[in-house]
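# Coordinates in review
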Amino acid sequence: MNTTVRLTKRSGSTSSQRSKGFVPVVVYGAGSDSQSFTADAKTLNEILGKNPHAILTVELPDSGSKNVMIQEVQRQPLSRKLIHVDLHQIDMKAELHTKVPFHFSGEPAGVKNGGIQQVELYELDIRTLPDKLTATFEVDITGLDIGDQLLVSDLPKHEGWEVLTPEDTLIIRIAPPVALEESADTETGVPAAAEASGEAKTEE
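Since this is a predicted model, take the numbers as computed values, not measurements. For every chain, the first residue of the written sequence is number 1, and numbering continues from 1 onward in sequence order. Only residues with pLDDT of 70 or above have their local features reported here, since the model is predicted, and side-chain atom pairs are shown and tallied only from 80 upward, although totals for entire chains, interfaces and linings are computed over all residues. Just so you know, side-chain values use all the structure's heavy atoms and leave hydrogens and water out.

Looking now at the pattern of salt bridges. Between Lys or Arg on one side and Asp or Glu on the other, a salt bridge is scored when a side-chain nitrogen of the former is within 4 Å of a carboxyl oxygen of the latter. Following the criterion strictly, the structure yields three salt bridges and no others. Across the pair Glu-159 and Lys-132 runs a salt bridge, and its minimum N-O distance is 3.7 Å. Here Glu-159, found in the loop between β12 (149-151) and β13 (162-163), pairs with Lys-132, found in the loop between β10 (123-128) and β11 (137-140); they are 27 residues apart in sequence, far enough to count as distant. Relative accessibility under 20% of the residue-type maximum defines a buried residue, over 50% an exposed one, and the middle range a partly exposed one, all with a 1.4 Å probe and only protein chains included. Taking the relative accessible area as the measure of exposure, Lys-132 reaches 32% and is therefore partly exposed. Every helix listed is a DSSP run of H or I at least four residues long, and every strand listed is a run of E at least two residues long, numbered separately from the N terminus.

Turning to the nonpolar core, a few remarks are in order. Core analysis: the biggest nonpolar cluster contains 21 residues, and Phe-102, Leu-124, Phe-137, Leu-155 and Ile-171 have the highest contact counts within it. Sorting the residues of this core by element identifies β8 (96-105), β10, β11 and β14 (170-175) as the ones contributing at least two each. Contacts between residues were defined by any pair of non-hydrogen atoms, one from each residue, lying within 4.5 Å. Apart from residues no more than four positions distant in its own chain, Leu-124 is found in contact with Thr-98, Lys-99, Val-100, Phe-102, Phe-137, Val-152, Leu-155, Trp-161, Val-163 and Thr-165. Throughout this description, the term nonpolar core refers to a set of buried Ala, Val, Leu, Ile, Met, Phe, Trp, Tyr and Cys residues connected via side-chain atoms within 4.5 Å. If you look at the next biggest cluster of nonpolar residues, it comprises 20 residues, including Leu-7, Ala-39, Ile-47 and Ile-70.

Turning our eyes to something else, we now look at the sheet that holds strand β9 (residues 116-119). Paired strands are those between which DSSP finds at least two bridges. Pairing is antiparallel across the open sheet formed by three strands, whose spatial order is β9-β14-β12. Pairing within the sheet leaves two strands with one partner each, and these edge strands are β9 and β12. On average, each strand axis in the sheet is tilted by 10° relative to the strand beside it, whichever way the strands run. Pairing geometry for β9 and β14, over four bridges, is antiparallel. By the bridge assignment, Gln-117 is partnered in β14 with Ile-174. Fitted lines through C-alpha atoms give the axes, limited to the stretch in contact for helices. The angle between two N-to-C directions lies from 0 to 180 degrees.

The next subject is the pairing of strand β7 (residues 82-89). With seven of eight residues buried, β7 lies mostly within the body of the structure. Bridge analysis of strand β3 (residues 22-29) against β7 gives four bridges, and the strand direction is parallel. Looking across to β7, one finds that Val-27 is bridged to Leu-87. Relative to β7, strand β6 (residues 64-75) runs antiparallel, the two sharing seven bridges. Across the sheet, Arg-75 pairs through a bridge with Leu-82, a residue of β7. Two successive antiparallel strands, β6 and β7, enclose a turn made up of six residues, where Arg-80 displays a positive phi of approximately 65°.

Shown next, in the form of structure tokens:
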């Protein structure tokens, strides 16, 4: 956590603030009442591009600095323009229950051989102290071949993390090429629908 964002008191309408490059921000949590401010939209967009759940230090008017986590972000559906951000005040000595996105590195051997990479899980549910939190969980998938799969139980241990996602949860698999799957389905000969039709005629 090395990013400091300066918040300012709201003045004027929300639309006028946005037109000046500011976005409404609400800070809450840690036993304090919710407080409304504004922050520089460009600065927040840069932070969100690196880590959508980043932990920040915010400078509050008349209240000094606070540690917060980006909790919720609202954007316009079409333009994706930032319109609102919720910041949750946190205790750096208390564990957080949060999610960390996976970052898959390397090209699986199975994909090079024509297999299809199928991602089933994009984030890991964890509990950890704020200073142990990382922007992503790096996972090397180079060794996965056709038919291989990666479960939560296969992940390397991460110091200071309690993984809350069930161990048998599938993260990623390398499926056979479509042509092979179709071939396997037709190896038995007559399609299932035709077999069912044939059985019906026999009964008659």
